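# Architecture and fold: a report
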Amino acid sequence: MSIRFTAKARRGMVALTVAAGLAVGVTSCGGGGDEGKKPESSAPASKSSGSAPSAQEGQSDVPLAELKGPDGLLFQLTSAERDSGGFVTVNGDLKNDGNETLTIPAALSGNETEIIRNGRSFGGATLVDSKGKKRYYVLRDTDGRPLTTTGITSVKSGETVPVFLQFPAPPADTTEVSFQLPMFATATITISG
């Protein structure tokens, strides 16, 4: 009887995780039909088989943090929002401030075999709660794919590509965490919501 209960509980957790991932995906991908009105879109770079969020509406122009990376790559974190499902979604823009097209380093995907197997991503990112002494890794779906923007292989000079990452939420009383991405500087960000 306890094995049956455990199996049912696991199926329920998997279904909940998938449903939450799909809900975030639908919310992130809904553009509202303004596609023709975007003056400078970076869609050609992210159309390749990757996923990317829509324009980040209602967010301030001042980023939460700017992380400098290799060869002129700049990652601007624009929001970190806690949702009721127990997740934190971090949105940002990856910009190439260099003079040439840059190949996205494979190190950004991290070194976990399951994530690497699913192609280029930002799966190597972590949130660190120094108060609670915990590190939170990018969430994965039931097939092991990271819940983050995937498929970006290069960024042209001056181009900006929108990026999202989803993590388990730290305790509600934790509002400041460190955002870490391989090969980039670390930044302290504030979680809203």
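Remember, predicted model here, so these are calculated numbers, not experimental data.

Analysis parameters
- Residues numbered from 1 in each chain as written.
- Predicted model: local features only at pLDDT ≥ 70, side-chain atom pairs only at ≥ 80, totals over all residues.
- Heavy atoms only, no water.
- Helix = DSSP H or I, 4+ residues; strand = E, 2+ residues; numbered from the N terminus.
- Buried < 20%, exposed > 50% of the residue type's maximum accessible area, 1.4 Å probe, protein only.
- Contact = heavy atoms within 4.5 Å.
- Areas by Shrake-Rupley, 256 points an atom, 1.4 Å probe, with all protein chains shown as cover.
- Pairing = 2+ DSSP bridges.
- Axes fitted to C-alpha atoms, helices over the stretch in contact; angles between N-to-C directions.
- Salt bridge = Lys/Arg side-chain N within 4 Å of Asp/Glu carboxyl O.
- Polar contact = N/O pair within 3.5 Å; in protein donor to acceptor, adjacent residues only side chain to side chain.
- pLDDT = per-residue confidence, 0-100.
- Core = buried A, V, L, I, M, F, W, Y, C linked by side-chain atoms within 4.5 Å.

### Considering the overall build of the protein chain
Scanning the protein chain for helices and strands turns up 3 helices and 10 strands. Reading the protein chain from its N terminus to its C terminus gives the helix and strand order α-α-β-β-β-β-α-β-β-β-β-β-β. Residues counted as buried form 40% of the 193 residues belonging to the protein chain. Sequence separation of 24 or more characterises 63% of the internal contacts of the protein chain that already satisfy a separation of 6 or more. Roughly 11000 Å² of accessible area belongs to the protein chain as shown, and the carbon and sulfur atoms make up 53% of that amount.

### Some details on the pairing of strand β1 (residues 65–68)
Residues Ala65 and Leu67 line the buried face of β1, whereas the alternating positions Glu66 and Lys68 sit on a face that is not buried. In terms of strand pairing, β1 meets strand β2 (residues 73–82) through 4 bridges, oriented antiparallel. Opposite Glu66, over in β2, you have Gln76 as the bridge partner. Connecting β1 to the next strand, β2, in antiparallel fashion are 4 residues, including Asp71 with a positive phi near 55°.

### What to know about the sheet that holds strand β10 (residues 187–190)
Pairing within the open sheet is antiparallel, and its 4 strands lie in the order β6-β5-β9-β10. Single-partner strands in this sheet number two, and they are β6 (134–137) and β10. Each strand axis lies, on average, 35° off the axis of its neighbour in the sheet, ignoring direction. Bridge analysis of strand β9 (residues 176–180) against β10 gives 4 bridges, and the strand direction is antiparallel. Across the sheet, residue Glu176 finds its bridge partner in β10, namely Thr190.

### Structural notes on the sheet that holds β2
Spatial ordering of the open sheet is given by β1-β2-β3-β8, a layout of 4 strands whose pairing is antiparallel. Of all strands in the sheet, those with a lone pairing partner are β1 and β8 (160–168), marking the two edges. On average, adjacent strands in this sheet sit at an angle of 25° to one another, irrespective of strand direction.

### A word on the pattern of salt bridges
Counted by the stated rule, this structure contains 6 salt bridges. Linking Arg140 and Glu112 is a salt bridge whose minimum nitrogen-to-oxygen distance equals 2.0 Å. With Arg140 in the loop between β6 and β7 (154–155) and Glu112 in the loop between β4 (102–103) and α3 (113–116), the pair connects residues that are 28 residues apart, well separated along the chain. Measuring nitrogen to oxygen at the nearest pair gives 3.4 Å for the salt bridge that ties Asp143 to Arg145.

### A word on the side chain of Ser109
Tracing the chain through its elements places Ser109 in the loop between β4 and α3. Exposure remark for Ser109: the relative accessible area of 5% places this residue in the buried category. There is a polar contact of 3.0 Å between the side chain of Ser109 and the backbone nitrogen of Ser121. Beyond its immediate stretch of four places on either side in the chain, Ser109 contacts Ile115, Gly119, Arg120, Ser121, Gly123 and Gly124.

### Comments concerning the confidence of the model for the protein chain
Do not read the fine detail of predicted coordinates wherever pLDDT is low. Summary statistics for the protein chain give a mean pLDDT of 78 and a share of 68% for residues scoring 70 or more. Every residue in residues 30–58 is under pLDDT 50, and counting partners more than four places away or in other chains gives 37 contacts.

### Details of the nonpolar core
Of all hydrophobic cores here, the largest spans 30 residues; its most connected members are Phe75, Val90, Leu94, Leu165, Phe179 and Ile189. Counting only elements with at least two residues in this core, the list comes to β1, β2, β3 (87–96), β8, β9 and β10. Sequence-distant contacts of Val90, defined by excluding residues within four places in its chain, comprise Leu77, Ser79, Ala80, Val163, Phe164, Leu165, Phe167, Phe179 and Ile189.

### So, the environment of Gly110
Its place among the elements puts Gly110 in the loop between β4 and α3. In this structure Gly110 comes out as partly exposed when scored by relative accessible area, which is 21%. Sequence-wise, Gly110 and Gly123 are 13 residues apart; in three dimensions their C-alpha atoms are separated by 5.7 Å. Residues in contact with Gly110, not counting those within four places in the same chain, are Ile116, Gly123 and Gly124.

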